[in-house]
Amino acid sequence: MAASHTPVERMASRCMPATARATLAFEIGGYSLHKGIGKGKSILSTPVCVGGYRWCISCYPDGTDKCKEYLPVFLVLLSKPAELRVLYDLRFVNKASRLSSSVDSCLESPRVH
């Protein structure tokens, strides 16, 4: 009996996560004037929409109960809670030298405001 020469169908599949990218510059003018607003009180950047979600940067000039030794700065999800993973890099930029330094870089679920 002759062997069957039925063509074999070749298939491929790919799984790609949905991604979105953005850069948000949050300049805090007159930073020293914001000092003294109170521990645990924040100033917020203008909200932006990235990937269909609203985000902002939150900064606590006088710190928080947990963060007393450094300036707490956070990426905040303003939209309804969702299962997200976010890769972000928060940087301070020296206006005079234009050099930046990373202050927080992470792949995690964002803080929900």
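Provided above is the structure to which this section pertains.
Bear in mind that the values here come from a model prediction, so they are computed numbers and not experimental data. (Residues numbered from 1 in each chain as written. Predicted model: local features only at pLDDT ≥ 70, side-chain atom pairs only at ≥ 80, totals over all residues. Heavy atoms only, no water.)

**Describing the packing of aromatic side chains**
Part 1 of the argument: By the definition in use, this model includes one aromatic pair.
Part 2 of the argument: Here the aromatic rings of Tyr60 and Phe74 are separated by 5.9 Å at their centres, their planes lie at 80°, and the arrangement is edge-to-face. With Tyr60 in the loop between strand E3 (53–59) and strand E4 (73–77) and Phe74 in strand E4, this pair connects stretches of sequence that are 14 residues apart.
Part 3 of the argument: Its relative accessible area of 12% is what places Tyr60 among the buried residues. (Phe/Tyr/Trp six-rings, centres within 6.5 Å; stacked < 30°, edge-to-face > 60°. Helix = DSSP H or I, 4+ residues; strand = E, 2+ residues; numbered from the N terminus. Buried < 20%, exposed > 50% of the residue type's maximum accessible area, 1.4 Å probe, protein only.)

**Details of the environment of Gly52**
Part 1 of the argument: Examined against the element boundaries, Gly52 turns out to sit in the loop between strand E2 (48–50) and E3.
Part 2 of the argument: Along the primary structure Gly52 and Ala20 are separated by 32 residues, whereas in three dimensions their C-alpha atoms are 8.9 Å apart.

**Here's the deal with the nonpolar core**
Part 1 of the argument: Of all hydrophobic cores here, the largest spans twelve residues; its members are Ile43, Val50, Trp55, Ile57, Cys59, Val73, Leu75, Leu77, Leu84, Val86, Tyr88 and Leu90.
Part 2 of the argument: Elements with a contribution of two residues or more to this core: E3, E4 and strand E5 (86–93).
Part 3 of the argument: Once residues within four sequence positions are removed from consideration, Cys59 is found in contact with Phe26, Ile28, Lys41, Ser42, Ile43, Leu71, Pro72 and Val73. (Core = buried A, V, L, I, M, F, W, Y, C linked by side-chain atoms within 4.5 Å. Contact = heavy atoms within 4.5 Å.)

**Quick word on the side chain of Ser79**
Part 1 of the argument: For Ser79, the location among the structural elements is in the loop between E4 and E5.
Part 2 of the argument: Within the local environment of Ser79, its side chain forms a polar contact with the backbone nitrogen of Arg54, the two atoms lying 2.6 Å apart.
Part 3 of the argument: In this structure, Ser79 is in contact with Tyr53 and Arg54, ignoring residues within four places of it in sequence. (Polar contact = N/O pair within 3.5 Å; in protein donor to acceptor, adjacent residues only side chain to side chain.)

**Some points on the environment of Lys39**
Part 1 of the argument: Here Lys39 is to be found in the loop between helix H1 (31–34) and strand E1 (43–44).
Part 2 of the argument: A relative accessible area of 49% places Lys39 in the partly exposed class.
Part 3 of the argument: A C-alpha to C-alpha distance of 5.3 Å links Lys39 and Thr64, two positions 25 residues apart in sequence.

**Re the pairing of E4**
Part 1 of the argument: Among the five residues in E4, five count as buried, and that is most of the element.
Part 2 of the argument: Sheet topology places E3 next to E4; five bridges connect them, and they run antiparallel. Within the sheet, the bridge partner assigned to Cys59 lies in E4 and is Val73. (Pairing = 2+ DSSP bridges.)

**As for the pattern of salt bridges**
Part 1 of the argument: According to the stated counting rule, one finds three salt bridges in the structure shown.
Part 2 of the argument: For Lys35, the salt bridge is made with Asp62, and the minimal N-O distance between the two is 3.9 Å. Here the residue Lys35 occupies a position in the loop between H1 and E1, and Asp62 occupies one in the loop between E3 and E4, the gap between them amounting to 27 residues.
Part 3 of the argument: Using a relative accessible area of 24% as the deciding quantity, one classes Asp62 as partly exposed.
Part 4 of the argument: Here Lys39 ties to Asp65 by a salt bridge, and the two come within 3.6 Å at their closest N and O atoms. You can see Lys39 sitting in the loop between H1 and E1 and its partner Asp65 sitting in the loop between E3 and E4, a full 26 residues away along the chain.
Part 5 of the argument: Residue classification places Asp65 among the exposed positions, given a relative accessible area of 60%. (Salt bridge = Lys/Arg side-chain N within 4 Å of Asp/Glu carboxyl O.)

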